[in-house]
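What the coordinates show
Single-letter residue listing:
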Amino acid sequence: MTSRERVLTALNHQEPDRVPFDLGSTGVTGIHIIAYQRLRKYLGLPEGTNKIYDPIQQLALVEEDVVQRLGIDTRPITRRLPPTSITEDSNSFSFYDDWYVQWQMPKDSGFYFDAVSFPLQYAETVEEVEKFSWPNFDEPERYKGLREELKAIVEQTGCIVVAQDICPGFSETAARLLGMEKFLTDLILNPKVICAVMDKIIENKKQYWQRMLTEGKGYIDIVQQGEDLGTQESLLMSPELYRKYIKPRQKELYAFIKKLAPVKIFFHSCGAIRELIPDFIEVGIDILNPIQLSAAGMNDTAGLKKEFGKYLTFWGGGIETQRILPYANPQTIKYEVRRRIEDLAPGGGFIFATVHNIQPEVPPENIVAMWEALQEYGRY
């Protein structure tokens, strides 16, 4: 099978020749630039271009020689954002994103950028939200060369394309604009402002997907979405708040996207989200990413497959990334990979990926042990 055929077969809940493998097609299945550089050296590959795919998380753009060496089946089409202009002072690097959120990374032992200023943190009225200088994602210049880029990926690599969104989910981006504390408290104290911010973000997303899926017609099969709704131990908000404010907007946005093109919705949420999985199915989600194995209620991969595998493809959950991949020995890693494949792969509906991005401290021999286990146990 070609990579695209392999992934589409799995997404259709049928068994391909082997379990498809993703590394680097999204901002949640990637690899930090430091870990990537070490992996290239370990594989005996020359130093790469060191291109950054996601500046906030410092994720590497996985290059074609690594794609070929590891048999990766997926490729990203990156967000159509202007180049990031990074400034620096004596202590840190800094930049502003399209939404005027400021991000900083310390020069001394910094691995990521953190949000440090929130442009709507003092907004108290819908009028203030309306007056904010919202970005324009309908600018033709953003999409220049898009179709040619997509054509080259599909025809030259045979991989399937995962189209990235302009930002995280509308609730997560609202939290970035307002600050997390204000976002969560105002869901109860001032929901009109929260809803106004989320609705403006959805307008931006609709602009983007109208352009992206028109220009990319015939080349895009998967569209990434996400709302981080879980913590390690519980939901980020009550199910009632989710169902009142988030769920209807998900349903509206995903229906809009699917009217534009016959795509699958890849949905990301970290954390203990098992309680909401039936809601995710109702709003039109096709792919759930990840199964965060270390979060409450998420370690029972066999149970998740039995209960929801008919409706969802599980993408990620092949190996736990907080404790196992960074710190376990290769034998333990191979055992864990085998266990998850045995639970999740039967009948298709499983794309192998790490639970989340591979972090800087992960030894390359552990990444290779994970990959070797996938080669050994991932054949149908």
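Everything below is about the structure printed above this text.
Described below are features of the structure shown in this document. No experiment lies behind these values; they were computed from the predicted model shown.

**Quick notes on the packing of helix α13 (residues 330–344) against helix α14 (residues 364–377)**
Running from amino to carboxyl end, α13 crosses α14 at an angle of 40°, the nearest separation of the two axes being 9 Å. By the angle class used here, α13 and α14 are oblique. Considering how the two elements wind past one another, α13 and α14 form a crossing that is right-handed. Within the contact between the two elements, α13 uses P330, I333, K334, V337, R338 and I341 and α14 uses N366, A369, M370, E372, A373, L374 and Y377. Residues of the contact of α13 with α14, tallied by class, amount to nine nonpolar, one polar and three charged.

**Side note on the sheet that holds strand β6 (residues 102–106)**
With antiparallel pairing, the four strands of this open sheet are ordered in space as β4-β5-β6-β7. With one partner strand each, in any of the chains shown, β4 (87–88) and β7 (114–117) form the two edges of the open sheet.

**Some words on the environment of A272**
Relative to the helices and strands, A272 is located in the loop between β10 (264–268) and α10 (277–282). Look at A272 and you get buried, because its relative accessible area is 8%. As a C-alpha pair, A272 and A261 span eleven residues in sequence and 31 Å in three-dimensional space. Aside from chain neighbours lying at most four places away, what touches A272 is G230, T231, Q232, E233, S234, L235, A295, A296 and M298.

**Observations concerning the packing of helix α7 (residues 180–189) against helix α8 (residues 191–215)**
Contact geometry for α7 and α8: axes closest at 6 Å, N-to-C directions at 120°. Classified by the angle between their axes, α7 and α8 sit oblique to one another. Each of K182, F183, D186, L187, I188 and L189 in α7 lies in contact with α8, whose residues at this interface are P191, I194 and M198. For the contact of α7 with α8, a count of residues per class yields seven nonpolar, no polar and two charged.

**Side note on the packing of aromatic side chains**
Enumeration according to the criterion identifies 13 aromatic pairs in this entry. Geometrically, the ring pair formed by W99 and F137 is tilted, given 5.7 Å between the ring centres and 35° between the ring planes. Within this pair, whereas W99 is found in the loop between β5 (92–96) and β6, its partner F137 is found in the loop between α4 (126–131) and α5 (146–157), the two being separated by 38 residues in sequence. An identical accessibility class is assigned to W99 and F137; each is buried. Geometry around F93 places K107 over its ring, the cationic atom sitting 5.4 Å from the centre.

**Brief notes about the environment of R40**
By the secondary structure assignment, R40 is in helix α2 (residues 33–42). By relative accessible area, R40 is classed as buried at 4%. Sequence-wise, R40 and F21 are 19 residues apart; in three dimensions their C-alpha atoms are separated by 18 Å. Apart from the residues lying within four places of it in its own chain, the contact partners of R40 are L45, P46, E47, G48, E63, D65 and V66.

**Section: the pattern of salt bridges**
Summed over all chains, the structure comprises 29 salt bridges. Taking the shortest distance from any N to any O, the salt bridge between E336 and R339 comes out at 3.9 Å. Note that E336 and R339 are positioned in helix α13 at a spacing of three residues, about one turn of the helix. A residue is classified by how much of its surface remains accessible, and E336, at 11% relative accessible area, is buried.

**With respect to the pairing of strand β8 (residues 160–163)**
Each regular strand shows side chains that alternate between the opposite faces of the sheet. Judged by which residues are buried, β8 turns out to be covered on both faces: I160 and V162 on one side and V161 and A163 on the other are all buried. As judged from the four bridges shared by strand β3 (residues 74–77) and β8, these two strands associate in the parallel manner. Bridge assignment links R75 to a residue of β8, and that residue is V161. Of the pairings in the sheet, the one linking β8 to strand β9 (residues 222–226) comprises two bridges and is parallel in character. The residue bridging A163 from the neighbouring strand is V223, located in β9.

**A short note on α13**
For α13, which comprises 15 residues, the first-to-last C-alpha distance of 21 Å matches the rise-based estimate of 21 Å (1.5 Å per residue) to within 8%. Listing the buried residues of α13 in full gives I333, E336, V337, R340, I341 and L344. Angular distribution of buried residues about the axis of α13 spans 130°; they occupy a single face of the element. The exposed residues of α13 that point more than 90 degrees off its buried face are Q331 and Y335. Contacts made by the buried residues of α13 are with α11 (301–308), β12 (313–315), α12 (324–327), β13 (350–351) and α14.

**What to know about the pairing of β10**
Burial analysis of β10 places four of its five residues in the buried class, the great majority of the element. Pairing of β9 with β10, which is carried by five bridges, proceeds in the parallel orientation. What sits directly across from I222, in β10, is K264. Direction of pairing for β10 relative to strand β11 (residues 287–289): parallel, over a ladder of three bridges. Considered in β11, the bridge of F266 is made with I287.

Rules of the game
Residues numbered from 1 in each chain as written. Predicted model: local features only at pLDDT ≥ 70, side-chain atom pairs only at ≥ 80, totals over all residues. Heavy atoms only, no water. Axes fitted to C-alpha atoms, helices over the stretch in contact; angles between N-to-C directions. Helix = DSSP H or I, 4+ residues; strand = E, 2+ residues; numbered from the N terminus. Parallel < 35°, antiparallel > 145°, perpendicular 65-115°, else oblique. Left-handed = near helix turned anticlockwise from the far one by under 90°. Contact = heavy atoms within 4.5 Å. Nonpolar A, V, L, I, M, F, W, Y, C, P; charged D, E, K, R; others polar. Pairing = 2+ DSSP bridges. Buried < 20%, exposed > 50% of the residue type's maximum accessible area, 1.4 Å probe, protein only. Phe/Tyr/Trp six-rings, centres within 6.5 Å; stacked < 30°, edge-to-face > 60°. Lys NZ or Arg CZ within 6 Å of the ring centre and 35° of its normal. Salt bridge = Lys/Arg side-chain N within 4 Å of Asp/Glu carboxyl O. Expected span 1.5 Å × (residues − 1). Arc of directions from axis to C-beta.

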